[in-house]
Every structure is written in structure tokens, then in C-alpha cells.
Amino acid sequence: LTRERYPVQRLPFSVVSEEDLAAFERITPGRVVTDPEELEASNVDWLRTVRGCSKVLLKPQTTEEVSHILRYCHERNLAVNPQGGNTGMVGGSVPVFDEIILSTALMNQVISFHGVSGILVCQAGCILEELSRYVEERDFIMPLDLGAKGSCHIGGNVATNAGGLRFLRYGSLHGTVLGLEVVLADGTVLNCLTSLRKDNTGYDLKQLFIGSEGTLGVITAVSILCPPKPRAVNVAFLGCPGFAEVLQTFSTCKGMLGEILSAFEFMDAECMQLVGHHLGLISPVQESPFYVLIETSGSRAGHDAEKLSSFLEHVLDFGLVTDGTLATDQRRVKMLWALRERITEALSRDGCVYKYDISLPVERLYDLVSDLRARLGPQAKHVVGYGHLGDGNLHLNVTAEAFSASLLGALEPYVYEWTAGQQGSVSAEHGLGFKKKDVLSYSKPPAALQLMQQLKALLDPKGILNPYKTLPARA
Ligand code: FAD
Ligand code: MLT
Ligand code: ZN
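On a predicted model such as this, the values are computed, not experimentally measured, just so you know.

**Student:** Help me understand the sheet that holds strand 14 (residues 352–359), please; the structure alone is not making it clear to me.
**Tutor:** Read across the sheet, seven strands follow the order 13-10-12-11-15-16-14 without closing on themselves; strand pairing throughout is antiparallel. At either end of the open sheet lies a strand with only one pairing partner, and these are strand 13 (323–327) and strand 14. Adjacent strand axes in the sheet meet at a mean angle of 15°, parallel and antiparallel pairs treated alike. Here five bridges tie strand 10 (residues 232–240) to strand 13, and the two strands are oriented antiparallel to one another. Bridge assignment links glycine 239 to a residue of strand 13, and that residue is aspartate 323. Contacting strand 10, strand 11 (261–268) and strand 12 (290–298), helix 9 (residues 243–257) crosses the sheet at an angle of about 175° to strand 11. Packed on one face of the sheet, helix 11 (residues 301–317) meets strand 10, strand 12 and strand 13 and runs near 10° to strand 10.

See the structure below:
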């Protein structure tokens with residue numbers, strides 16, 4: 001575990017005292033965790049790459065409790081780390097030092113759901129998969145889905161502006177989130193929890209908190225627009241002979257499946273080897289340099305099947321695809337999705353993982369992977385590329401048996417410079433958190449960075465909310 005690799009100094013916040021613990025006990029009776037064993041899981045991130053040493057975790061159940069906690073911490077100058085499901089990829093969800101962990105685990109109530117509009121209002125700590133189940137029982141789906149669905153909280157999703165597997169069809173949370181309730185650093189409750197599709201009354205303040213990674217406020221409730229549950233879902237898992245063919249398959253797919261296309265994901269041969277080796281998953285198609293997973297979601301099974309079969313005929317005839325398999329029943333659909341969704345898990349079992357989450361022009365999406373494979377040679381165990389090709393989002397991951405400073409030196413700033421050279425983004429969907437905060441300037445100009453710092457100072461003048469995260473330390 002590696003905090004020393006990211007040198008940073010503790011800021012002069014207060015240290016939690018016995019009186020503070022007594023005050024917290026009055027605010028959240030029986031929900032103040034100080035047992036070191038219980039705290040362990042919340043002090044370390046999912047990837048096990050960063051670790052804090054918080055001595056206290058609070059589990060509020062209501063917005064009022066969150067407000068009391070923050071008002072108290074603000075007065076006492078105590079730093080706070082908001083935490084959802086702790087599945088974040090950039091070390092934003094765990095303390096760096098002894099920040100108080102404010103967990104949304106017990107804020108897990110659905111507030112309302114409207115069966116005509118599909119608008120769901122719920123507390124921030126609802127687990128994504130549980131919300132999916134809830135709305136699916138009512139013939140709707142959540143507008144987002146990701147491999148971490150079993151643990152991540154909707155508040156965490158909003159705080160990271162998570163992209164995920166349905167982005168191509170339903171777009172960003174900046175569009176699907178209709179309202180938010182947020183508690184500001186001083187305890188003020190900002191109720192922007194509207195459920196309106198259209199509302200141009202002044203600045204759209206909720207947008208500030210979407211993707212703010214717990215640095216501007218604590219999200220306590222979310223109003224989100226859910227699309228109707230598609231009647232027919234098909235998944236095609238295909239093998240492609242090269243990346244040029246992956247791109248041509250994508251273009252063809254958009255042309256022939258346009259309105260029913262709901263996902264276009266890709267992975268390379270090394271990813272397939274890793275999910276096979278570490279998780280025992282078996283490839284459903286012949287070995288290929290690349291694989292794509294295409295999902296269609298529509299309202300008439302026959303219509304979609306017909307379109308999909310003429311698409312498949314076309315891509316096979318033109319040699320864009322060399323082998324493929326189709327699934328319509330839920331069990332097989334899930335099985336094919338697992339090959340793609342569980343790459344993260346397979347990588348984490350492969351050793352030390354260097355993770356990059358990059359937006360690039362789709363035509364250049366794989367160039368960086370090939371380039372790095374050649375550049376790193378035997379220094380790396382695996383160099384893999386996978387991701388949300390339909391959104392121009394590459395997940396470039398490098399593994400090694402153990403952490404190596406020279407490997408890191410070969411990767412950074414090279415990867416960031418390469419990305420900036422393409423006017424890409426150094427964080428497409430995972431955010432900056434603790435691990436990527438110093439690379440923001442590869443994708444944003446100085447004036448944008450300065451405005452971000454001014455907004456932070458306006459909303460959190462004492463800097464108690466998730467310090468050391470998202471923005472680089474001020475000179
Ligand atoms: P946490 O990890 O607990 O927190 C993440 C950040 O949000 C932290 O900075 C935290 O302080 C802040 N935060 C959490 N809750 C709140 C709140 N209520 N108010 C204010 N701030 C808060 N991401 C994608 O974008 N797309 C993917 O496809 C994807 N797939 C993943 C697959 C796996 C297997 C894993 C482990 C992660 C994946 N992720 C993906 C990463 C993604 O960021 C998270 O899974 C998810 O959005 C984080 O939610 P969480 O509740 O776990 O938040
Ligand atoms: C994914 O798309 O699988 C996630 O963003 C997690 C990852 O990048 O590994
Ligand atoms: Zn992703």
C-alpha cells in the first residue's frame with residue numbers, strides 16, 4: 001500500500017477528541033464506529049492501492065443528521081471523507097490521513113417512484129443493483145449500469161459522474177439526474193431535489209455536484225429519470241481480426257442497428273486470457289485479437305432479431321468479424337456480459353495494476369496500447385486495452401508482479417502527454433480523486449483550474465470536504 005508514493009502533507013485540521021465522539025454519539029446514536037477492525041475496510045480502497053488511518057466512521061440515516069455532522073465538523077475544523085460503496089478507482093473514497101468517514105450505507109430508502117414518468121427519488125446510499133431491481137419490478141431500468149453495481153451507491157455514482165455500460169444509449173448523469181439534495185460543508189441543506197424534465201430558473205446548481213467527488217458537498221438524495229424496460233434485449237459477442245475491423249464493425253453497427261443499439265464494448269485478446277486465467281471464464285468464440293460486445297434493446301423481439309441477423313451476415317461476409325455468438329435469454333446475456341464486466345476483477349488478481357481511463361478520438365483508441373506494449377517490453381506483465389468503445393473511452397491497464405518505480409516512470413507522464421497530444425481526457429469516467437488530482441492540467445486550461453479552485457473556496461472555505469482530492473494542492 002502506497003501513500004508514500006503520493007507525497008502529501010496533513011493539513012492543520014483538528015484531531016477528533018473524546019468530546020467530538022460524544023457529540024457524534026448524540027447526533028447518530030449507536031452509529032459511531034471506532035472499532036479498528038470495523039474501520040479497516042473503509043480505510044482502504046477497492047484496488048487496495050491507498051490507505052487512510054481514520055479513527056471514526058459515522059453512519060447517518062437522514063439528511064438532518066448529515067447536516068448536524070457537517071455543521072459540527074465545520075465549526076470544529078474537522079475534515080470529512082464522504083464514502084458510498086467504496087468502489088472508486090482513483091482513491092477518492094478513502095481518507096488520506098485521519099479524516100472522519102461519513103458513510104451513506106444507512107441512507108438506503110427509496111423516497112418515491114412515478115410509474116408514468118419513470119422518475120425515481122431516493123436516498124444517496126441506495127445500492128445501484130437494488131435500485132435496478134426496484135425499478136425493473138415496475139417495468140423500468142436504471143439509466144446506468146456498471147460492474148460495481150452490487151456495492152456502489154447511487155450517491156457515489158453521481159459524485160463520480162460514473163459512465164458505465166449504458167452511457168451510449170442513455171447518456172451521462174448530467175442529463176438523467178433531474179435533481180439533487182446536497183448538504184454543504186457548513187451544514188446548509190441545499191434542496192434542489194426537483195423531478196422536472198425542464199427547469200431553467202437560474203443556474204443549474206445540481207450540475208456542480210455531479211462529478212465533484214465529495215469535495216463540494218455531501219449528496220443526500222437523488223432524483224433520476226429511468227427509461228422504460230426494453231422488451232427485447234440481445235447480446236452479440238464477436239471476434240474481430242484487428243482494431244481496424246473493430247472500428248468498421250462499430251460504424252456498420254451504428255448504421256444498421258442505430259436506434260436499438262444500447263452498448264458497444266470492446267476488449268483485447270490479453271483481457272480474454274486474464275478473465276480465463278483468473279476467473280475461469282471461457283471464451284464463447286474462437287480466439288481473436290479483439291472481441292466486441294454489442295447489445296441491442298428494443299420493443300419488438302422479432303424486429304430486433306431480424307436487424308441483428310442482417311448486421312451479422314454483413315460483418316461476417318465482409319470479414320470484419322470472424323466468429324460470433326448471440327444471446328437473448330437472460331442467463332446467457334449475463335454470461336456474455338460477465339466476460340467484459342469482470343476484467344477489472346481479473347486484473348486486480350494479476351498483481352500490481354496501473355490504471356488509466358482515457359477519452360480519445362475513437363480512431364486512435366488502441367494506438368496507445370500497442371505503443372506502450374512495445375515501449376514497456378518485458379517490464380510489464382500485461383498491457384491491456386478494453387472499454388466503452390462506443391463512447392471513445394479506453395481503459396488502458398498495465399500489470400506487474402509488484403510495484404516498480406521504473407515502470408511507473410516509463411508510464412507517466414508519457415500516457416498523459418500522449419493523451420493531451422490527442423486533445424483527449426486523462427480521466428474519462430473515474431474522476432481524479434487522490435491518485436489523479438495532479439494530472440488535471442493535462443486536460444484543462446489554467447483558467448478552468450483557477451475557477452474550480454475558486455468554486456471550492458466558495459462552497460467549502462475551510463476545505464474540510466474530502467481534502468487532498470480532485471484539485472491539485474495550491475502552490
Ligand atoms: P465511493 O467509491 O465510495 O466514492 C467515490 C467518490 O465519491 C469519492 O470521492 C467519495 O468521496 C465520493 N462520494 C461517495 N458518495 C458520496 C456522496 N453521497 N456525496 C458526495 N460524495 C460522495 N466507473 C465508471 O464510471 N464506469 C464503470 O463502468 C465502472 N465500473 C466499475 C467496475 C468495478 C468492478 C469497480 C470496482 C468500479 C467501477 N467503476 C466504474 C468506478 C466507479 O467510480 C464506482 O464504481 C462508482 O461510481 C462509485 O460509487 P461508490 O458508491 O462506490 O462511491
Ligand atoms: C469498466 O469499464 O470495467 C470500469 O470502468 C472499471 C475499469 O476501468 O476497470
Ligand atoms: Zn469503464
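**Student:** Whenever I open this one, the domain arrangement of the chain confuses me. Can you help?
**Tutor:** A common measure of how large an interface is: the accessible area buried when the components associate. As far as domains go, the chain holds domain 1 (3–106), domain 2 (110–225), domain 3 (232–335) and domain 4 (351–430). The C-alpha-based centres of domain 1 and domain 3 are spaced at 43 Å.

**Student:** What am I meant to see in the sheet that holds strand 2 (residues 57–58) here?
**Tutor:** Across a sheet, strands are paired by hydrogen bonds formed along the backbone, either parallel or antiparallel in direction. Pairing within the open sheet is mixed, and its four strands lie in the order 1-2-4-3. Since the sheet does not close on itself, it has two edges, and those belong to strand 1 (32–33) and strand 3 (80–83), each with one partner. Of the strand pairs in this sheet, strand 3 and strand 4 (residues 100–103) are connected by four bridges, and their pairing is parallel. Paired with glutamine 83 across the two strands is serine 103, which belongs to strand 4.

**Student:** Any chance you could explain the packing of aromatic side chains here in plain terms?
**Tutor:** Note on aromatic pairs: each is described by the distance of the centres and the angle between the planes. Scanning the entire structure with this criterion turns up 14 aromatic pairs. With centroids separated by 5.8 Å and ring planes inclined at 70°, the aromatic side chains of tyrosine 356 and tyrosine 416 adopt a geometry described as edge-to-face. Of this pair, tyrosine 356 sits in strand 14 while tyrosine 416 is found in helix 16 (residues 414–421), placing the two residues 60 residues apart along the sequence. Every member of this aromatic cluster is reached through a ring pair, and the members are Phe243, Phe266, Phe290 and Tyr366. Over the face of the ring belonging to tyrosine 134 we find arginine 138, whose NZ or CZ atom lies 3.7 Å from the ring centre.

**Student:** Could you clarify how one ought to interpret the state of the cysteines in this entry?
**Tutor:** Disulfides are covalent bonds that link the sulfur atoms of two cysteine residues. Considering all chains together, one arrives at zero disulfides under this definition. In this model cysteine 53 remains outside any disulfide bridge; the closest cysteine sulfur is found in cysteine 73, 16 Å from its own. Counting only cysteine sulfurs, cysteine 122 is the nearest neighbor of cysteine 192, a cysteine outside any disulfide, at a range of 16 Å.

**Student:** How do you make sense of the site of ligand 2 when you look at a structure like this?
**Tutor:** Every residue near ligand 2 is listed here: Arg340, Thr344, Lys355, Tyr386, His388, His395, Glu429 and His430. Take glutamate 429: an N or O atom from its side chain is 2.9 Å from an oxygen atom of ligand 2. Histidine 430 has a polar side-chain atom sitting 2.7 Å from an oxygen atom of ligand 2. When ligand 2 sits alone it has 260 Å² of accessible area, and the protein chains cover 85% of it. When grouped by side-chain class, the residues that make up the shell around ligand 2 number one nonpolar, four polar and three charged.

**Student:** How should the environment of serine 112 be read in this particular structure?
**Tutor:** Following the sequence through the fold, serine 112 ends up in strand 5 (residues 110–114). On a C-alpha basis, the gap between serine 112 and serine 223 in space is 9.1 Å, while along the polypeptide they are 111 residues apart. What serine 112 contacts, discounting residues up to four positions off in sequence, is Ile119, Leu120 and Val121.

**Student:** Help me out: how do you make sense of the layout of surface pockets in this one?
**Tutor:** To find leftover empty space, a probe the size of one water molecule is rolled over the atoms. The calculated volume of the second largest pocket comes to roughly 1,000 Å³. Elements supplying a minimum of two residues to the lining of the second largest pocket: strand 14 and helix 17 (446–459). Of the residues forming the lining of the second largest pocket, the biggest block, five residues, is contributed by strand 14. If you count residues domain by domain, the lining of the second largest pocket takes at least three from each of domain 1 (3–106) and domain 4 (351–430).

**Student:** So what exactly am I meant to see when it comes to the coordination of the zinc ion (ligand 3) here?
**Tutor:** Coordination sphere of the zinc ion (ligand 3), protein contribution only: His388 (NE2), His395 (NE2) and Glu429 (OE), at 1.9 to 2.1 Å. Each donor residue of the zinc ion (ligand 3) lies on one chain, and together they are spaced H-x6-H-x33-E. With a gap of 34 residues between them, histidine 395 in strand 16 (residues 393–400) and glutamate 429 in the loop between helix 16 and helix 17 connect regions that are remote in the sequence. Here histidine 395 and glutamate 429 have matching classes, each one buried.

**Student:** Explain the site of ligand 1 here, please?
**Tutor:** Taken together, 35 residues form the shell around ligand 1, and within it Pro82, Gly84, Gly85, Thr87 and Gly88 come nearest. One of the side-chain N or O atoms of threonine 160 is found 3.0 Å from an oxygen atom in ligand 1. In this structure, glutamate 213 approaches ligand 1 through a main-chain N or O atom, which is 3.1 Å from an oxygen atom. Here ligand 1, which alone exposes 970 Å², has 96% of that area covered by the protein. Those elements that place two or more of their residues in the shell around ligand 1 are strand 3, helix 5 (154–160) and strand 9 (218–225). For the shell around ligand 1, the element with the highest residue contribution is helix 5, accounting for five residues. Of the residues that constitute the shell around ligand 1, the class distribution is ten nonpolar, 23 polar and two charged.

Basis of the calculations
Residues numbered from 1 in each chain as written. Chains lettered and ligands numbered in written order. Predicted model: local features only at pLDDT ≥ 70, side-chain atom pairs only at ≥ 80, totals over all residues. Heavy atoms only, no water. Pairing = 2+ DSSP bridges. Helix = DSSP H or I, 4+ residues; strand = E, 2+ residues; numbered from the N terminus. Axes fitted to C-alpha atoms, helices over the stretch in contact; angles between N-to-C directions. Contact = heavy atoms within 4.5 Å. Domains from an automatic or database assignment. Phe/Tyr/Trp six-rings, centres within 6.5 Å; stacked < 30°, edge-to-face > 60°. Lys NZ or Arg CZ within 6 Å of the ring centre and 35° of its normal. Disulfide = S-S within 2.5 Å. Near = heavy atom within 4 Å. Polar contact = N/O pair within 3.5 Å; in protein donor to acceptor, adjacent residues only side chain to side chain. Areas by Shrake-Rupley, 256 points an atom, 1.4 Å probe, with all protein chains shown as cover. Nonpolar A, V, L, I, M, F, W, Y, C, P; charged D, E, K, R; others polar. 1 Å grid on protein atoms, 1.4 Å probe; cavity = no way out; pocket = protein on both sides within 12 Å on 5 of 7 lines; lining within 4 Å. Points joined across faces, edges and corners; volume = space filled by probe spheres on them. Donors = N, O, S within 2.8 Å, 3.2 Å for Na, K, Ca; no water. Buried < 20%, exposed > 50% of the residue type's maximum accessible area, 1.4 Å probe, protein only.

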